[in-house]
Amino acid sequence: MRSVMVQIPNTPTSADVARLAGVSRATVSYVLNNTSAVRISEPTRRRVREAARELGYVPHAAARSLRAGHSRMVLMPAPAIPVGPLYSGFLNELQWALGRLDYTVVQYGSVGLQGDEAARAWAELRPVAVLVPGAGLGPQGVHVLKRSGARAVVTLGPDRVEGAHALLMDHEAVGQCAGAHLYERGRRRIGVVVPEEPGLEAYSRPRLAGVRQALKDTEATVTELPLAYTEEAAARLAARIAAPGRESGLDALFAYNDEYAMLLMRALQDEGVRIPQELAVIGADDLMLGRLLRPRLSTVHIELPSGRDLAELVDRAVRDPGGEPEVHRVLGASVVRRESS
């Protein structure tokens, strides 16, 4: 029986990188781990990175975790609700900023799991930090994550959770801006679109409450308008608004966000409703597509927190896990006036 010799390529090591770059293994470690505590010249850093690329060397995540005493993984549970371009852009910026700080961002889909049950699934991955969008996580879930080694738990939502850092997002202010704008434009019978899609209640109910608050103690009325995000549902609602004797008394709409506004505006125009002459419309998020409509869509511009600032919050919490949880109120809102209102 003939034997065949198979050449198995050696996995490159940091020692190989050090020899090729003409530096010590410690320097390789400092450069590839983005260590800021040690000053290394830019030419040396460039030489180390080029040597690592030439050899195909990739740092060993588990070994790095052992040296640091914790992982560098930041877990971001995948949103269980539809997210639009505004939130997607924020997530991209956040992941880029965390990457610059040498964290590995992992999005985790926990379909069917909620609250503390989801927290136990996240804890199995042993992340160093967890960023939780929306509501649902409770103090027990925070405790489970910290017991598993998470140094930072950050929530992004309307309420604070005990033990976690919090970015409080005030969606009521979005509704207040929209309601006040429509009232200033002379509108007194205002409909507010409330999406029927599951999971959006944490955003839509505060926005509806914000409109009611803006119009409190005025003669204006507010009508809640449930709407699914489909052309068929928009056509049915538009027909009811245009029909005499039904919601035809409305003279303005706050459509939850730009996507719902654009969906409903098209259906209303198909019914012959003149915008803004008969019905003023305003959305939220200030998406570029809204500027391409005719009439151009008025909107509430939403200022999300900086991804860089949030990444630095995560880094501070990882470095000082025993520190007092930080609480920041974010989400600025301002009206962008265009032709639709």
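Since the structure is predicted, the reported quantities are computational estimates derived from the model, not experimental observations. (Residues numbered from 1 in each chain as written. Predicted model: local features only at pLDDT ≥ 70, side-chain atom pairs only at ≥ 80, totals over all residues. Heavy atoms only, no water.)

Q: Requested: an account of the sheet that holds strand β3 (residues 129-133), with residues and values cited.
A: Taking strand neighbours across the sheet as the criterion, the 6 strands line up as β2-β1-β3-β4-β5-β11 in an open arrangement whose pairing is parallel. Of all the strands in the sheet, just β2 (104-108) and β11 (327-330) have a single pairing partner and so form its edges. The mean angle between the axes of side-by-side strands here comes to 15°, regardless of whether they run parallel or antiparallel. Pairing geometry for β3 and strand β4 (residues 152-157), over 5 bridges, is parallel. (Pairing = 2+ DSSP bridges. Helix = DSSP H or I, 4+ residues; strand = E, 2+ residues; numbered from the N terminus. Axes fitted to C-alpha atoms, helices over the stretch in contact; angles between N-to-C directions.)

Q: Got a sec to walk through the environment of valine 174? Specific residues and values, please.
A: By secondary structure assignment, the location of valine 174 is in helix α8 (residues 172-184). In this view, valine 174 contacts Arg207, Phe254, Ala284, Val300, Ile302, Leu331 and Ala333; residues no more than four positions away in its chain are not counted. (Contact = heavy atoms within 4.5 Å.)

Q: For the packing of aromatic side chains, give the residues involved together with the corresponding values.
A: Inspection of every chain in the model, using the stated rule, returns 2 aromatic pairs. One aromatic cluster is present, built from ring pairs that chain together Tyr229, Tyr256 and Tyr260. One Lys or Arg, arginine 72, reaches over the ring of tyrosine 103 and ends 4.0 Å from the middle of that ring. (Phe/Tyr/Trp six-rings, centres within 6.5 Å; stacked < 30°, edge-to-face > 60°. Lys NZ or Arg CZ within 6 Å of the ring centre and 35° of its normal.)

Q: An account of the pattern of salt bridges is needed here, citing residue identities and associated values.
A: Enumeration according to the criterion identifies 13 salt bridges in this entry. Among the salt bridges present, the one from arginine 189 reaches aspartate 251, with a minimum N-O distance of 3.8 Å. Placement of arginine 189 in strand β6 (residues 189-195) and of aspartate 251 in the loop between α10 (231-242) and β8 (252-254) is noted, with a sequence separation of 62 residues between them. Ionic pairing is found between glutamate 326 and arginine 316, a salt bridge with its closest N-O pair at 2.9 Å. One end of the pair, glutamate 326, is in the loop between α13 (307-319) and β11; the other, arginine 316, is in helix α13, and 10 residues separate them in sequence. If you follow the salt bridges from partner to partner, you end up with Asp286, Arg291 and Arg338 in one network. (Salt bridge = Lys/Arg side-chain N within 4 Å of Asp/Glu carboxyl O.)

Q: Hey, could you go over α8 for me, with residue numbers and the actual values?
A: Taking 1.5 Å of rise per residue, 13 residues should cover 18 Å, and α8 covers 18 Å from first to last C-alpha, within 8% of that figure. Every buried residue of α8 is listed here: Ala173, Val174, Gly175, Ala178, Gly179, His181 and Leu182. Here the buried face of α8 lies against β6, α9 (201-214), β8, β9 (280-284), β10 (298-303) and β12 (332-336). Among the residues trailing α8, glycine 186 stands out with phi positive, at a value near 90°. (Expected span 1.5 Å × (residues − 1). Buried < 20%, exposed > 50% of the residue type's maximum accessible area, 1.4 Å probe, protein only.)

Q: Could you give an account of the sheet that holds β8, naming the residues involved and the relevant values?
A: The strand order across the open sheet built from 6 strands is β7-β6-β8-β9-β10-β12, with neighbouring strands paired in mixed fashion. Strands with a single pairing partner mark the edges of an open sheet, and in this sheet they are β7 (221-227) and β12. In this sheet, neighbouring strand axes are inclined to one another by 20° on average, regardless of whether the strands run parallel or antiparallel. Contacts from α10 reach β7 and β8, with the element oriented near 150° to β7.

Q: Run through unusual backbone geometry, naming residues and quoting values.
A: Of all residues except glycine, most have a negative phi; of all peptide bonds, most are trans. With an omega of 10°, the peptide bond running from isoleucine 275 to proline 276 counts as cis. Relative to the helices and strands, proline 276 resides in the loop between α11 (258-270) and β9. Across the junction of arginine 294 and proline 295, the peptide omega takes the value 0°, indicating a cis bond. The backbone phi angle of aspartate 102 is positive, close to 70°, even though this residue is not glycine. When you line up the elements, aspartate 102 lands in the loop between α5 (85-100) and β2. Of note in the backbone geometry, tyrosine 256 takes a positive phi value of approximately 75° without being a glycine.

Q: Account for the environment of valine 23, naming residues and giving values.
A: Mapped onto the fold, valine 23 is located in the loop between α1 (14-21) and α2 (25-32). Residue classification places valine 23 among the buried residues on the basis of a relative accessible area of 18%. Apart from residues no more than four positions distant in its own chain, valine 23 is found in contact with Ala18, Val28, Thr44, Arg47 and Val48.

Q: How would you sum up the nonpolar core? Please name residues and give values.
A: Residues Leu98, Leu131 and Phe254 are the most contacted members of the largest nonpolar core, which totals 44 residues. Within the second largest apolar cluster, 28 residues are counted, among which are Val193, Ala238, Met262 and Leu264. (Core = buried A, V, L, I, M, F, W, Y, C linked by side-chain atoms within 4.5 Å.)

Q: Give a description of the packing of α8 against α9 that names residues and reports values.
A: Axis separation between α8 and α9 bottoms out at 6 Å; the angle between their running directions is 45°. Classified by the angle between their axes, α8 and α9 sit oblique to one another. In this structure, α8 meets α9 at a crossing whose hand is right-handed. For the pair α8 and α9, contact is made by Glu172, Val174, Gly175, Gln176, Gly179 and Ala180 and by Pro206, Arg207, Ala209, Gly210, Val211, Gln213 and Ala214, respectively. (Parallel < 35°, antiparallel > 145°, perpendicular 65-115°, else oblique. Left-handed = near helix turned anticlockwise from the far one by under 90°.)

Q: Explain helix α6 (residues 115-123) to me, using residue names and the numbers behind them.
A: Here α6 has its buried residues at Gly115, Ala118, Ala119, Ala121, Trp122 and Ala123. Lining the buried residues of α6 we find β1 (73-77), β2, β3 and α7 (139-147).

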